[in-house]
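What follows is each chain in one-letter form.
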Amino acid sequence: MSKKSENYLDLVFARKSSLRYEESEGGEITLFIENKGIFNRLAQKFLKKPAVTQIHLEEFGNFIWKQIDSIQTVSQISQKVHEHFQEKAEPLIPRLVQYFKILESYNFIERKTPQNPGISETSEQ
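Per chain, residues are indexed from 1 in the order of the written sequence. In view of the model being predicted, local features appear only for residues whose pLDDT reaches at least 70, and side-chain atom pairs are presented and counted only at 80 or more, with totals across whole chains, interfaces and linings using the full set of residues. Only heavy atoms go into the side-chain values, all of them from the structure, while hydrogens and water stay out.

This brings us to the packing of helix 3 (residues 74-85) against helix 4 (residues 92-105). Remark: helix 3 packs on helix 4, axes separated minimally by 11 Å, with the N-to-C direction vectors making an angle of 125°. The orientation of helix 3 with respect to helix 4, classified from their angle, is oblique. As helix 3 runs across helix 4, the sense of the crossing is right-handed. Residues V74, I77, S78, V81 and H82 of helix 3 lie in contact with helix 4, whose contacting residues are L92, I93, L96 and F100. Among the residues forming the contact of helix 3 with helix 4, the class breakdown is seven nonpolar, two polar and no charged. Helix axes are fitted to C-alpha atoms over the stretch in contact, other axes to C-alpha atoms as well, and angles between N-to-C directions run from 0 to 180 degrees. A helix here means a DSSP run of H or I that spans at least four residues, while a strand means a run of E at least two residues long, and both kinds are numbered starting from the N terminus. Roughly parallel here means an angle under 35 degrees, roughly antiparallel means over 145, roughly perpendicular means 65 to 115, and every remaining angle is called oblique. For any pair of crossing helices, the crossing counts as left-handed if the nearer helix is rotated counterclockwise from the farther one by less than a right angle, and right-handed if it is rotated clockwise. Two residues qualify as a contact provided that any one of their heavy atoms is within 4.5 Å of a heavy atom in the partner residue. Three classes are used, and their members are as follows: Ala, Val, Leu, Ile, Met, Phe, Trp, Tyr, Cys and Pro are nonpolar, Asp, Glu, Lys and Arg are charged, and the others, Gly among them, are polar.

Only rings of Phe, Tyr and Trp enter the pairing, Trp through its six-membered ring, and a pair is recorded when the two centres are within 6.5 Å. The plane angle decides the type: under 30 degrees is stacked, over 60 is edge-to-face, the rest tilted. Taken as a whole and assessed by the stated rule, the structure comprises six aromatic pairs. Their ring planes at 25° and their centres at 5.7 Å tell us that Y106 and F108 sit as a pair that is stacked. Feature note: the residues Y8, F13 and F100 constitute an aromatic cluster, connected by ring pairs. One residue, R20, lies across the ring of F32, its end atom 4.2 Å from the ring centre. Sitting over a ring, as applied to charges here, requires NZ of Lys or CZ of Arg to be within 6 Å of the ring centre and within 35 degrees of the ring normal. Lying over the aromatic face of Y8, K101 brings its terminal NZ or CZ to 5.5 Å of the ring centre.

Attention shifts here to unusual backbone geometry. At the junction of E90 and P91, the peptide bond is cis and its omega measures out at 0° in the coordinates. Along the chain, the position of P91 falls in the loop between helix 3 and helix 4. The phi dihedral of S70 falls on the positive side, at around 65°, and the residue is not glycine. On the secondary structure map, S70 appears in the loop between helix 2 (59-67) and helix 3. Residue N107 is not a glycine yet carries a positive backbone phi of 65°.

So, about the nonpolar core. Definition of nonpolar core: a set of buried residues of the types Ala, Val, Leu, Ile, Met, Phe, Trp, Tyr and Cys, connected through side-chain atoms within 4.5 Å. Relative accessibility under 20% of the residue-type maximum defines a buried residue, over 50% an exposed one, and the middle range a partly exposed one, all with a 1.4 Å probe and only protein chains included. F13, W65, I68, V74, V81 and F100 are the most contacted members of the largest nonpolar core, which has 26 residues in total. Of all the elements in the fold, those that place two or more residues in this core are strand 3 (29-34), helix 2, helix 3 and helix 4. For V81, the residues in contact, after removing those within four places along its chain, are F63, I64, Q86, A89 and L92.

Okay, helix 2 next. In terms of burial, helix 2 is a largely internal element, seven of the nine residues being buried. The set of residues buried in helix 2 consists of F60, G61, N62, F63, I64, W65 and Q67. Looking at the buried residues of helix 2, the elements they touch are strand 1 (12-15), strand 2 (20-23), strand 3, helix 3, helix 4 and strand 5 (109-112). Throughout this description, a polar contact denotes any pair of N or O atoms lying within 3.5 Å of each other; where both atoms belong to protein, one of them has to be capable of donating a hydrogen while the other can accept it, and for residues adjacent in sequence the pair is counted only when both atoms sit in side chains. By the N-cap criterion, in which a side-chain oxygen at the helix start approaches the backbone nitrogen of a residue two or three places on, helix 2 is capped by E58, the distance to F60 being 2.9 Å.

What follows is the structure, encoded as structure tokens:
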């Protein structure tokens, strides 16, 4: 039996509900990551490390973060990124896929089932 390979561009993501973030008046996104666990508590106490780490997203990250809504596919988001940034975003698809993989690996986002069950899974990219 062969396992069907997934097309990353067809995936839909949502921001983790447990992740706190804020948007400034200028549109910049800051993620707040709680440093939990025994090692983090020791580092906070003895090494004066913060209890909450702030991650400030850059220009592309701010734009992409706002598009992650548990409805749009990575492909749809890539089209919006291209429309907004034009050539500045190139090479768009490899960069965007890698960005989503990083966000997912840090548990900032999670995969969702597409809201529209009529989306065709036969398209290949």
